[in-house]
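A closer look at the structure
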Amino acid sequence: MSFRDDDSSDIGPPVQSKLESFLFSCELSSKVPFYTFQDGDDEEDLEHFLELRTVCLGEGAKEESNVVEVTAMNHQGKTISVPIANLHIKCLPMVSLGEFELKAPVTLRLKAGTGPVTVSGLHLIALQAVDSDLSEDDEEEDEDEEEELPAIKPAKKKQKQ
Amino acid sequence: MSFRDDDSSDIGPPVQSKLESFLFSCELSSKVPFYTFQDGDDEEDLEHFLELRTVCLGEGAKEESNVVEVTAMNHQGKTISVPIANLHIKCLPMVSLGEFELKAPVTLRLKAGTGPVTVSGLHLIALQAVDSDLSEDDEEEDEDEEEELPAIKPAKKKQKQ
Amino acid sequence: MSFRDDDSSDIGPPVQSKLESFLFSCELSSKVPFYTFQDGDDEEDLEHFLELRTVCLGEGAKEESNVVEVTAMNHQGKTISVPIANLHIKCLPMVSLGEFELKAPVTLRLKAGTGPVTVSGLHLIALQAVDSDLSEDDEEEDEDEEEELPAIKPAKKKQKQ
Amino acid sequence: MSFRDDDSSDIGPPVQSKLESFLFSCELSSKVPFYTFQDGDDEEDLEHFLELRTVCLGEGAKEESNVVEVTAMNHQGKTISVPIANLHIKCLPMVSLGEFELKAPVTLRLKAGTGPVTVSGLHLIALQAVDSDLSEDDEEEDEDEEEELPAIKPAKKKQKQ
Amino acid sequence: MSFRDDDSSDIGPPVQSKLESFLFSCELSSKVPFYTFQDGDDEEDLEHFLELRTVCLGEGAKEESNVVEVTAMNHQGKTISVPIANLHIKCLPMVSLGEFELKAPVTLRLKAGTGPVTVSGLHLIALQAVDSDLSEDDEEEDEDEEEELPAIKPAKKKQKQ
């Protein structure tokens, strides 16, 4: 069906980045039902990602369904929302999400229930680096292809020219 | 049993790709019991992958088994279906699937139950790049081998010649 | 305790491979209690891996323990069996296994219960490539070491000479 | 939304590191409700990471919610706390967290319940290495960018100059 | 908090390794309550790792807590034990652990309950290779740093000199 080379961009040329990782915390309840993870006003070469790790009912959670919804951008550049967790204190008081990584801005919302629900994760900050050439040939054709990409790329540029 | 070099294609030559990642959302219910994730009409060098992340019962789910089935292509080029989630509001209201990645087209179907069930994931768009040579020898033999591959490769070509 | 360089073979020289990924589906029940994932008769440079993703009770599952066992080769070249899932419709109707990858042949068997149980996964097909030299020194010593390896390697050769 | 090149720092230049991995164990109860994972007094080029793997109720756990909280540094350099597990002996006696990696110092605390709760994980020790050049061009521009990074980097320096 | 370059050792110079992967199986019960995963007597350049994947109650498990404990070496070179699973046939009959990798020797023990409990996993065998130089500069300083490492490295040497 597919070659697994789709991960190859992670390591290969042409774009390199550095990545810092910090703890992320957010509590949602009926009082404060949403939280937006922002890009920040920092240096323009920095990108902020939220890697969701656990969603966890807190002390005092009632016997009710607590649904947590995430809002972020789809491939058409539109903002969409999707429930990612449904927790119940008598049945599933928490969930581990693996490494669910979303680019800022991301909004977390308590769509059903009153919580409290805590979302833990990692706040990743990436520094975009310029292209590095591992190979010296075929690069021109490669760059030609990249120029087709902006058609589907979101507004904020990701690569330094 | 096996050398773990099977992941090595992810990073090494000869095929490199770039990968964009967006939020994916889909709600299945008795009213709209299936959804097809398509390749899109975009540039032919782009490939679309669906990385399933969570399957989650929504508000109003009944006490019944909700089975979600995925349909995609097997290694013989035939379309096959397989249930990937069985959720029950009183027992397992959601599941985290890790990084279950499938190449478009992929159909998600509510095979049992009435939902609503939401499927979250990442919509990955890969741009295929040309071969880059990290080493300058042995490449010819390497390319000879690649030419054997199309025998098992699905119709849609993946590598630029 | 250990250096994490054990994953380094995934990417580094000397062996490179290409990897295709397809959907895998298998249903086990009292009628058809086992399934064997085979290597196939295809080109000899292809290797087949089964990456187990979910095990899921199907419609009509009874209130009983359903145990799914996997049979594959251990490090001594012997075939061994081990239960990898124990599901119950009232308690745990499905499980997500992460990326549990086994080399063909692999047999899946419904050891207890009557199912139906569906196993989803990815069928990975790897094409072995020849060695590529990233560095030009130390390679001879490296290759000497590789020649020690066949002592523990299973019968089917993995690397082209 | 994002290019997945954010992982590319893991492998590429300019910073390389070596990583050792050891078993980590910690038991929390009403008697000893917290534990701090420290950096140690060892060589200054070593960094200590805690990769949380499982949180597990122990023998004698009562029918109550046991909430485990983690305290570490956020992206603003402030210490924050977030519940990462909520376990109940009648409902969810343990959880597997995947690879939740945090840099020392990290404090684990039993915020609710009396335990005992055991936290398993890997204690990772990284040795920072100097830059290695895979490519010989574009490096100067690359290094210029790195010099912008310290603005958001925590106090403890990570790279040798 | 941290640069994610800690994984970079996985792929980069100076140490390369090859990795074979086999199925691992172990059953624990009141009759045979522990199992030790050993290094073996094979070639000295081989290292054995146990990657735990699932812990699963078997047929005939009673309504009791079954606690599985793992014993391995901590960062101080001492052998420590930590419960990694707590299963109950009426509540959580199995768990998927992701990729919890430990270096031999590792002992698995049924600390509470009578089982049977089966532990599945992968037995990884790594062949250490000599350093390969991807870059030709900065290596001397790099090697100087490596010589500081043995202070925290366990007795068994990992790198060929």
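Residues numbered from 1 in each chain as written. Chains lettered and ligands numbered in written order. Predicted model: local features only at pLDDT ≥ 70, side-chain atom pairs only at ≥ 80, totals over all residues. Heavy atoms only, no water.

Helix and strand content of chain A: one helix and nine strands. In sequence order, the secondary structure elements of chain A are arranged as β-β-β-β-β-β-β-β-β-α. Taking all 161 residues of chain A together, the buried fraction comes to 66%. Considering only contacts in chain A between residues 6 or more positions apart, those separated by 24 or more positions represent 80%. With an accessible surface of roughly 5800 Å², chain A has 46% of that area assigned to carbon and sulfur atoms. (Helix = DSSP H or I, 4+ residues; strand = E, 2+ residues; numbered from the N terminus. Buried < 20%, exposed > 50% of the residue type's maximum accessible area, 1.4 Å probe, protein only. Contact = heavy atoms within 4.5 Å. Areas by Shrake-Rupley, 256 points an atom, 1.4 Å probe, with all protein chains shown as cover.)

All names here are of chain E. Across the sheet, four strands lie side by side as E3-E8-E5-E6; this open sheet has antiparallel pairing. The sheet is open, and its two edges are formed by strand E3 (34–37) and strand E6 (79–87), each paired on a single side. For this sheet, the mean inter-axis angle between neighbouring strands, taken without regard to orientation, is 25 degrees. Direction of pairing for strand E5 (residues 66–73) relative to strand E8 (residues 106–112): antiparallel, over a ladder of five bridges. Bridged to Thr71 within E8 is Thr107. (Pairing = 2+ DSSP bridges. Axes fitted to C-alpha atoms, helices over the stretch in contact; angles between N-to-C directions.)

Moving on to the packing of aromatic side chains. A complete count under the given rule lists ten aromatic pairs over all chains for this structure. Aromatic rings pair up to connect Phe24(A), Tyr35(A) and Phe37(A) into one cluster. Over the face of the ring belonging to Phe100(A) we find Arg53(B), whose NZ or CZ atom lies 5.3 Å from the ring centre. (Phe/Tyr/Trp six-rings, centres within 6.5 Å; stacked < 30°, edge-to-face > 60°. Lys NZ or Arg CZ within 6 Å of the ring centre and 35° of its normal.)

Right, let's get into the pattern of salt bridges. Tallied over the entire structure, the rule returns 27 salt bridges over all chains. The partner of Arg109(A) in a salt bridge is Glu69(A), and the shortest N-O contact between them spans 3.9 Å. Placement of Arg109(A) in strand E8 (residues 106–112) and of Glu69(A) in strand E5 (residues 66–73) is noted, with a sequence separation of 40 residues between them. The class for Glu69(A) is buried, based on a relative accessible area of 9%. For Glu69(C), the salt bridge is made with Lys111(C), and the minimal N-O distance between the two is 3.7 Å. Here Glu69(C) is found in strand E5 (residues 66–73), whereas its partner Lys111(C) is found in strand E8 (residues 106–112), with 42 residues between them in sequence. For Lys111(C), a relative accessible area of 39% puts it in the partly exposed group. A single salt-bridge network, built from bridges that share partners, covers Glu51(A), Arg53(A) and Glu99(A). (Salt bridge = Lys/Arg side-chain N within 4 Å of Asp/Glu carboxyl O.)

Moving on, we get to the sheet that holds E5(C). Residues and elements named next belong to chain C. The strand order across the open sheet built from four strands is E3-E8-E5-E6, with neighbouring strands paired in antiparallel fashion. The open sheet is flanked by strand E3 (34–37) and strand E6 (79–87), the only strands paired with a single partner. Taken pair by pair, the neighbouring strands of this sheet meet at an average axis angle of 25 degrees, ignoring direction.

Residue and element names in this part refer to chain A. Per-chain confidence: chain A averages 76 in pLDDT, with 66% of residues scoring 70 or above. Note on residues 1–16: pLDDT is under 50 here. Beyond four places in sequence and across chains, it has 85 contacts. A low-confidence stretch, residues 130–161 stays under pLDDT 50, and its non-local contacts, those more than four residues away or across chains, total 82 contacts. (pLDDT = per-residue confidence, 0-100.)

Ala104(B) connects to Pro105(B) through a cis peptide bond whose omega is 0 degrees. The omega torsion across Gly115(C) and Pro116(C) is 0 degrees, close enough to zero to call that bond cis. Here Pro116(C) lies in the loop between E8 and strand E9 (117–128).

All names here are of chain D. Here strand E8 (residues 106–112) lies mainly inside the structure; five of its seven residues are buried. The pairing of strand E3 (residues 34–37) with E8 spans four bridges and is antiparallel. Following the sheet pairing, Phe37 is matched in E8 by Val106.

Another aspect to go through is the environment of Leu50(D). All names here are of chain D. Relative to the helices and strands, Leu50 resides in strand E4 (residues 46–57). Judged by relative accessible area, which is 0%, Leu50 ranks as buried. Between the C-alpha atoms of Leu50 and Lys90, which are 40 residues apart in sequence, the distance is 29 Å. Leu50 has contacts with Phe24, Phe37, Phe100, Glu101, Leu102, Val106, Leu108 and Leu122, leaving out every residue within four places of it along the chain.

Residues and elements named next belong to chain A. By secondary structure assignment, the location of Gln38 is in the loop between strand E3 (34–37) and strand E4 (46–57). Sequence-wise, Gln38 and Lys103 are 65 residues apart; in three dimensions their C-alpha atoms are separated by 9.2 Å. In contact with Gln38, other than residues within four places in its own chain, are His48, Ala104 and Pro105.

The next subject is the state of the cysteines. In the structure shown here, the tally under the stated rule is zero disulfides over all chains. The thiol of Cys56(B) is not disulfide-bonded; the next cysteine sulfur, from Cys91(A), is found 11 Å away. According to the relative accessible area criterion, Cys56(B) is buried, its value standing at 0%. (Disulfide = S-S within 2.5 Å.)

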